[in-house]
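Listed here are the chains, written in short residue letters.
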Amino acid sequence: MSDASKSHGRKSIRATLKPRELMVDRPELSRAWTAQIITLFPQAFPGILGESLTGKALKDGLWQLRTIDLRLFGDGKHRNVDDTPAGGGAGMVLRADVVGRAIEQAQGTARGRMPILYLSPRGRRFDQPMAQALAACDGVTLLCGRFEGVDQRVLDHYGIEEVSLGDFVLTGGEIAAQAMLDACIRLRPGVLGNAVSAVEESFSNGLLEHPQYTRPAEWKGLPIPEVLTSGHHERITEWRQAQAEALTRDRRPDLWAAHAARPRKP
Ligand code: SAH
């Protein structure tokens with residue numbers, strides 16, 4: 001492993017170790033689900049992924065994170081990574097040669113089935129089935145753009161698929177990468193405390209989730225729906241299903257149409 005890439009792995013020695021400090025390559029984790037991130041901002045990782053369930057899973061070695069610092073592949077004394085767009089126009093474009101060197105480094109450390117994706121507003125919209133497909137791979141390599149994005153030849157040459165977080169433009173791919181990784185990692189075995197919750201939540205059955213309530217039983221004069229406190233499990237299941245269907249029909253006609261067209265279980 002060259003100096004350009006850093007790994008975040010399992011904590012085993014100091015209980016005070018911060019996620020950012022978990023940067024040693026650990027051979028015993030070589031088979032863990034692996035995220036490789038090509039970025040100008042490696043210090044932004046693991047970011048929020050170092051917290052809560054994804055952070056605990058990182059420390060426990062259920063997944064590992066390797067950042068590849070694009071700057072270190074830059075040109076000349078100043079390690080330039082970008083240049084002005086061919087044909088003119090505003091902004092800067094990440095250079096093909098620089099990004100290409102970083103991708104080749106990432107390819108050298110990839111293993112098994114590990115797709116390489118470019119975060120991009122032009123990409124296919126990320127969704128739960130994509131998260132499930134990626135979680136079933138050995139990991140993923142994510143290329144984070146900045147400025148006006150990357151030279152098109154890089155995407156063509158390496159056959160890189162573009163994936164979008166949604167129809168809006170971010171200043172860089174890093175937040176999108178963290179959002180996508182979060183969605184994948186929580187589907188990995190052992191990451192969620194209660195494995196059932198990944199089965200019942202929004203999108204997993206093609207519907208939005210029913211409303212949730214907890215204590216207090218009454219808040220600002222508003223009670224919890226009576227059925228939920230009845231202890232009658234069959235009625236609760238029926239109520240939740242009806243709520244999920246009504247919500248989906250109301251808010252997401254697209255999902256509802258797809259749900260209604262699905263073949264029914266016998
Ligand atoms: N000029 C580009 C936008 C560049 S934004 C265009 O109009 O398509 C800079 C970088 O932010 C992109 O290279 C991409 O990596 C990231 N980015 C911006 N919006 C995104 C989105 N909706 N999903 C995923 N990545 C995004």
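Conventions we followed
- Residues numbered from 1 in each chain as written.
- Predicted model: local features only at pLDDT ≥ 70, side-chain atom pairs only at ≥ 80, totals over all residues.
- UniProt positions renumbered as here; feature names shortened; annotations may be inferred.
- Helix = DSSP H or I, 4+ residues; strand = E, 2+ residues; numbered from the N terminus.
- Buried ≥ 20, exposed ≤ 12 C-beta atoms within 10 Å, placed from the backbone.
- Contact = placed C-beta atoms within 7 Å.
- Expected span 1.5 Å × (residues − 1).
- Arc of directions from axis to C-beta.
- Near = placed C-beta within 6 Å.
- Nonpolar A, V, L, I, M, F, W, Y, C, P; charged D, E, K, R; others polar.
- Pairing = 2+ DSSP bridges.
- Axes fitted to C-alpha atoms, helices over the stretch in contact; angles between N-to-C directions.
- Core = buried A, V, L, I, M, F, W, Y, C linked by C-beta atoms within 7 Å.
- Domains from an automatic or database assignment.
- Right-handed = clockwise from strand over helix to strand, strands pointing away.

The protein chain appears in an unreviewed UniProt entry as tRNA (guanine-N(1)-)-methyltransferase from Roseisalinus antarcticus. Per UniProt, the comment on the protein chain under Sequence similarities (unreviewed entry) is "Belongs to the RNA methyltransferase TrmD family." UniProt annotates the protein chain under Subcellular location (unreviewed entry) with the comment "Cytoplasm".

A. Structural view of the overall build of the protein chain. On a plain count of helices and strands, the protein chain comes out with eight helices and 10 strands. For the protein chain, the C-alpha atoms occupy an extent of roughly 70 × 50 × 45 Å along the three principal directions. Counting across all 266 residues of the protein chain, residues that qualify as buried make up 30%. The contacts in the protein chain between residues at least 6 apart in sequence include a share of 75% that link residues at least 24 apart.

B. Main features of helix α2 (residues 96–109). Relative to the 20 Å expected for 14 residues at 1.5 Å per residue, α2 spans 20 Å between its end C-alpha atoms, a close match to the ideal helical length. Among all positions of α2, only V98, V99, A102, I103, Q105 and A106 are buried. Looking down the long axis of α2, one finds its buried residues gathered within 155° of arc, a one-sided arrangement. Turned more than 90 degrees away from the buried face of α2 sit E104 and G108, all of them exposed. If you follow the buried residues of α2, they end up packed against β1 (5–8), β2 (33–39), β3 (63–69), β5 (93–94), β7 (139–143) and α4 (152–158).

C. Up close: the site of the ligand. The local shell around the ligand holds 19 residues, among which L119, G145, G149, G173 and A176 are the closest. Counting residues per element, the shell around the ligand draws most heavily on strand β6 (residues 116–125), which supplies four residues. In terms of residue class, the shell around the ligand is built from eight nonpolar, eight polar and three charged.

D. Quick peek at the sheet that holds β7. Strand order in the open sheet formed by six strands is β1-β3-β2-β7-β6-β8, with mixed pairing between adjacent strands. Every other strand in the sheet has two partners, leaving β1 and β8 (161–164) as the edge strands with one partner each. The average angle at which neighbouring strand axes cross in this sheet is 35°, direction not considered. Note: β6 against β7, three bridges, orientation parallel. When the sheet's bridge partners are listed, I116 is paired in β7 with T141.

E. How the structure looks around the nonpolar core. One finds I38, A102, L119, L142 and L143 to be the most contacted residues of the largest nonpolar core, which totals 45 residues. When residues in this core are grouped by element, the largest group, six residues, is from helix α5 (residues 174–185). Non-local contacts of I38, meaning those with residues more than four positions away in its chain, are made with I68, L70, A102, I103, A106, L143 and C144.

F. Geometry of the UniProt feature "binding site: S-adenosyl-L-methionine" (unreviewed entry) in the protein chain. Following the UniProt record, the feature "binding site: S-adenosyl-L-methionine" (unreviewed entry) maps to G145, L165, G166, D167, F168, V169 and L170 here. Within the secondary structure, G166 sits in the loop between β8 and α5. C-beta crowding within 10 Å serves as the criterion here: with 11 such atoms nearby, G166 is assigned to the exposed category. As for its position among the elements, D167 is in the loop between β8 and α5.

G. How the structure looks around the domain arrangement of the protein chain. For the protein chain, the assigned domains read domain 1 (5–185) and domain 2 (201–261). Centre-to-centre separation of domain 1 and domain 2, based on C-alpha positions: 36 Å.

H. Representation of the pairing of β3. For β3, a buried count of seven out of seven residues is recorded, marking the element as mostly surrounded by other parts of the structure. Side-chain alternation along β3 places W63, L65, T67 and D69 on one buried face and Q64, R66 and I68 on a second face that is also buried. Summarising the sheet, β1 and β3 pair through four bridges and their orientation is antiparallel. By the bridge assignment for β3, K6 is matched with T67. Sheet topology places β2 next to β3; seven bridges connect them, and they run parallel. Paired with W33 across the bridge in β3 is W63. Following the chain from β2 across helix α1 (residues 52–59) to the adjacent parallel β3, one finds a crossover that is right-handed.

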